[in-house]
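One-letter residues, chain by chain:
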Amino acid sequence: MAAKDVVYQEAECYRFDPAGGRPYLVGSRCRLCGYTAFPPRAACPACINKESMQEVSLGSRGAVDTFSVLRVPAPGFEAPYVVAYVRMPAGGRVFSLITGCEPSEGALAIGAEVELVIEKIREDGQGNEVRGYKFRPVAAAERGAGPR
Ligand SMILES: [Zn+2]
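Residues numbered from 1 in each chain as written. Predicted model: local features only at pLDDT ≥ 70, side-chain atom pairs only at ≥ 80, totals over all residues.

Enquirer: Please provide a residue-by-residue account of the overall build of the chain, values included.
Expert: Within the chain, the secondary structure is distributed over zero helices and 10 strands. Along the chain, from the amino end to the carboxyl end, the secondary structure elements read β-β-β-β-β-β-β-β-β-β. Taken over 148 residues, the chain has a buried fraction of 18%. Across the chain, every contact between residues at least 6 apart in sequence was considered, and the portion connecting residues at least 24 apart equals 51%. (Helix = DSSP H or I, 4+ residues; strand = E, 2+ residues; numbered from the N terminus. Buried ≥ 20, exposed ≤ 12 C-beta atoms within 10 Å, placed from the backbone. Contact = placed C-beta atoms within 7 Å.)

Okay, here's the thing in C-alpha cells:
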C-alpha cells in the first residue's frame, strides 16, 4: 500500500445521505425482541436469533451518556483526547471519539447533544490517514431553545 492512501475504516458503520451528503450511522435492530446493535450485528446478541436482524439508520445526532478524557494514548493517537458513549434516539449506544471541544473534563457534559462527523481518526503505521466516525458538540445556536 502506498503511503498517504486514505483508508476507510469502519465504513460499514455509516453511510452518506444521497440527498444532502450528510453522514448517518447504520446499526441493526432485531425484528423479534427490538434490540438495537451498533455496530450492526448478523445475529441478535439479546435473543440469539440469526435471522432476525435488519439494518436500521441510527441518525446523526445523539446525547452523551458518559465520557472520559484519555491522557495515555492508544497506538496511532495523540493524547489528550475525549471518548464517549453516545446514546442514539433511534436506539443503540455508540462508543466514539469526540472532536470539536477541549480535551478537559469541563468541556463536555453528560446529556450534551452531539452530531456525527466523518474525519481522520488516526494514522496507521505507514502514515496513511484512517477515517471514521466521531461526534462533536452541537453548536448552541443549532440547539432548540432551552435554559442556558
Ligand atoms: Zn433479538
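Enquirer: Explain the nonpolar core to me, using residue names and the numbers behind them.
Expert: Of all hydrophobic cores here, the largest spans 17 residues; its most connected members are Leu25, Val64, Phe67, Ala84, Val86, Ile98 and Phe135. Of all the secondary structure elements, the ones that give two or more residues to this core are strand E6 (61–70), strand E7 (81–87), strand E8 (93–98), strand E9 (113–123) and strand E10 (129–137). Broken down by element, this core gets its largest block of residues, three residues, from E7. Setting aside chain neighbours within four positions, we find Ile98 in contact with Phe67, Val82, Val83, Ala84, Leu108, Val114, Lys134, Phe135 and Arg136. (Core = buried A, V, L, I, M, F, W, Y, C linked by C-beta atoms within 7 Å.)

Enquirer: So what about the pairing of E9? Which residues, and what values?
Expert: For E6 and E9, the ladder comprises three bridges, and the chain directions are antiparallel. In the sheet register, Gly62 faces E9, and the bridge partner there is Val114. Summarising the sheet, E9 and E10 pair through nine bridges and their orientation is antiparallel. Within E10, the residue paired with Glu115 across the bridge is Arg136. (Pairing = 2+ DSSP bridges.)

Enquirer: Outline the environment of Ala109, listing residues and values.
Expert: As for its position among the elements, Ala109 is in the loop between E8 and E9. Of the residues examined, Ala109 has 11 C-beta atoms within 10 Å and is grouped as exposed. The spatial distance from the C-alpha of Ala109 to the C-alpha of Ala63 is 9.5 Å, given a sequence separation of 46 residues.

Enquirer: Report on unusual backbone geometry, specifying residues and quantitative values.
Expert: Phe38 connects to Pro39 through a cis peptide bond whose omega is -5 degrees. Relative to the elements of secondary structure, Pro39 occurs in the loop between strand E4 (36–37) and strand E5 (53–59).

Enquirer: Describe the environment of Met53, with residues and values.
Expert: One can find Met53 in strand E5. Judged by the 22 C-beta atoms lying within 10 Å of it, Met53 is buried. Taking C-alpha positions, Met53 is 6.2 Å from Ala43, a pair spaced 10 residues apart along the chain. In contact with Met53, not counting residues within four places along its chain, are Ser28, Cys30, Arg41, Ala42, Ala43 and Cys44.

Enquirer: Hey, could you go over the pairing of E8 for me, with residue numbers and the actual values?
Expert: Sheet topology note: the E7/E8 ladder contains six bridges and is antiparallel. The residue of E8 that forms the bridge with Val83 is Leu97. Hairpin remark: E7 followed by E8, antiparallel, with five residues in the connecting loop; positive phi at Gly91, about 115 degrees. Where E8 and E10 come together, two bridges link them in parallel fashion. Its bridge partner lying in E10, Ile98 is registered against Phe135.

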